[in-house]
Amino acid sequence: AQSVAQPEDQVNVAEGNPLTVKCTYSVSGNPYLFWYVQYPNRGLQFLLKYITGDNLVKGSYGFEAEFNKSQTSFHLKKPSALVSDSALYFCAVRALYSSASKIIFGSGTRLSIRP
Amino acid sequence: DSGVTQTPKHLITATGQRVTLRCSPRSGDLSVYWYQQSLDQGLQFLIQYYNGEERAKGNILERFSAQQFPDLHSELNLSSLELGDSALYFCASSGRTAPGEQYFGPGTRLTVT
């Protein structure tokens, strides 16, 4: 069975500091991994994805994520946080080669960037 | 703007009633997904349709049903509404070129009183 865990409900970071939002997953076979962001009163927006290849994936708004197969993790990172990055972040996973497999979303991590 | 539209934006109704939420996917996308987002349950996958056929089912109650029409728009029907059904309902769509990469609509906020 597929599952994804976001162990932190909230992450607080000062503006200008690096940020990390953690995600671990469980899936049969190779994973298809995603990060989405949700701003207040908006739908989720796609940030980035990992399918195969380079373990460091770059996405929108300066975010990147590092795939670590041995640790089954896909942490979201940004070198220098902005106040405008404050939002709810969701990690998601799907089995790569199973078209019938649905995407499972994590519980979300609220990122708060203080000026 | 994701290209996915949802109507209505807000809906207030009473317990026991029935409502229909509507979603139009991005142009060319064949897959439509429905999600429920509530404060205590997070984002819950309800159901997926692909080109008019049900593809995957999640935590969808028997009181809820959905369909996708030939023009690819989808409707989510919620009946015998309960207070606990109050939530944000999102529709998302995805295409064949980037399966799994979903584009979300702005959501319908349902309040059951």
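One can find the structure itself at the top, above this paragraph.
In this report, we go over the structure that sits alongside the text. (Residues numbered from 1 in each chain as written. Chains lettered and ligands numbered in written order. Predicted model: local features only at pLDDT ≥ 70, side-chain atom pairs only at ≥ 80, totals over all residues. Heavy atoms only, no water.)

### Topic: the side chain of R63 of chain B
Along the chain, R63 of chain B falls in the loop between β6 (53-57) and β7 (64-68). Polar contacts involving the side chain of R63 of chain B include one to the side chain of D85 of chain B, which spans 2.8 Å. (Helix = DSSP H or I, 4+ residues; strand = E, 2+ residues; numbered from the N terminus. Polar contact = N/O pair within 3.5 Å; in protein donor to acceptor, adjacent residues only side chain to side chain.)

### Here we look at the nonpolar core
L19, W35, L47, L48, F74, L76 and Y89 of chain A are the most contacted members of the largest nonpolar core, which totals 29 residues. Counting only elements with at least two residues in this core, the list comes to β2 (10-14), β3 (19-21), β5 (31-38), β6 (44-50), β8 (64-68), β9 (73-78), β10 (87-95) and β12 (109-114) of chain A. Top contributing element to this core by residue count: β10 of chain A, with 5 residues. Other than its neighbours up to four places away in sequence, L19 of chain A contacts V13, F63, L76, K77, K78, A81, D85, L111 and I113 of chain A. The next biggest cluster of nonpolar side chains, apart from the first, holds 20 residues, and it includes V32, F64, A66 and C91 of chain B. (Core = buried A, V, L, I, M, F, W, Y, C linked by side-chain atoms within 4.5 Å. Buried < 20%, exposed > 50% of the residue type's maximum accessible area, 1.4 Å probe, protein only. Contact = heavy atoms within 4.5 Å.)

### Structural notes on the sheet that holds strand β3 (residues 19-24) of chain B
Residue and element names in this part refer to chain B. Read across the sheet, 4 strands follow the order β1-β3-β8-β7 without closing on themselves; strand pairing throughout is antiparallel. Of all strands in the sheet, those bounded by a partner on one side alone are β1 (5-7) and β7. Adjacent strand axes in the sheet meet at a mean angle of 15 degrees when their direction is disregarded. Examined bridge by bridge, β3 and strand β8 (residues 74-78) share 5 bridges and lie antiparallel to one another. The partner of T20 across the bridge, within β8, is N77. (Pairing = 2+ DSSP bridges. Axes fitted to C-alpha atoms, helices over the stretch in contact; angles between N-to-C directions.)

### Side note on the packing of aromatic side chains
Following the criterion strictly, the structure yields 16 aromatic pairs over all chains and no others. Aromatic pair Y50 of chain A and F74 of chain A: ring centres 6.4 Å apart, planes at 55 degrees, arrangement tilted. You can see Y50 of chain A sitting in strand β6 and its partner F74 of chain A sitting in strand β9, a full 24 residues away along the chain. On the basis of relative accessibility, which here comes to 7%, the residue Y50 of chain A falls in the buried class. Ring plane angle 45 degrees and centroid distance 5.5 Å describe the contact between F63 of chain A and Y89 of chain A, whose orientation is recorded as tilted. Of this pair, F63 of chain A sits in the loop between β7 (56-58) and β8 while Y89 of chain A sits in strand β10, and the two are 26 residues apart along the sequence. Overall, the relative accessible area of 0% leaves Y89 of chain A in the buried class. Among the aromatic side chains, those forming a connected cluster through ring pairs are Y32, F34, Y36, F46, F90 and F105 of chain A together with Y35, F45, F90 and F104 of chain B. Geometry around Y103 of chain B places R26 of chain B over its ring, the cationic atom sitting 3.9 Å from the centre. The ring centre of Y50 of chain B lies 4.6 Å from the NZ or CZ of R55 of chain B, which sits over that ring. (Phe/Tyr/Trp six-rings, centres within 6.5 Å; stacked < 30°, edge-to-face > 60°. Lys NZ or Arg CZ within 6 Å of the ring centre and 35° of its normal.)

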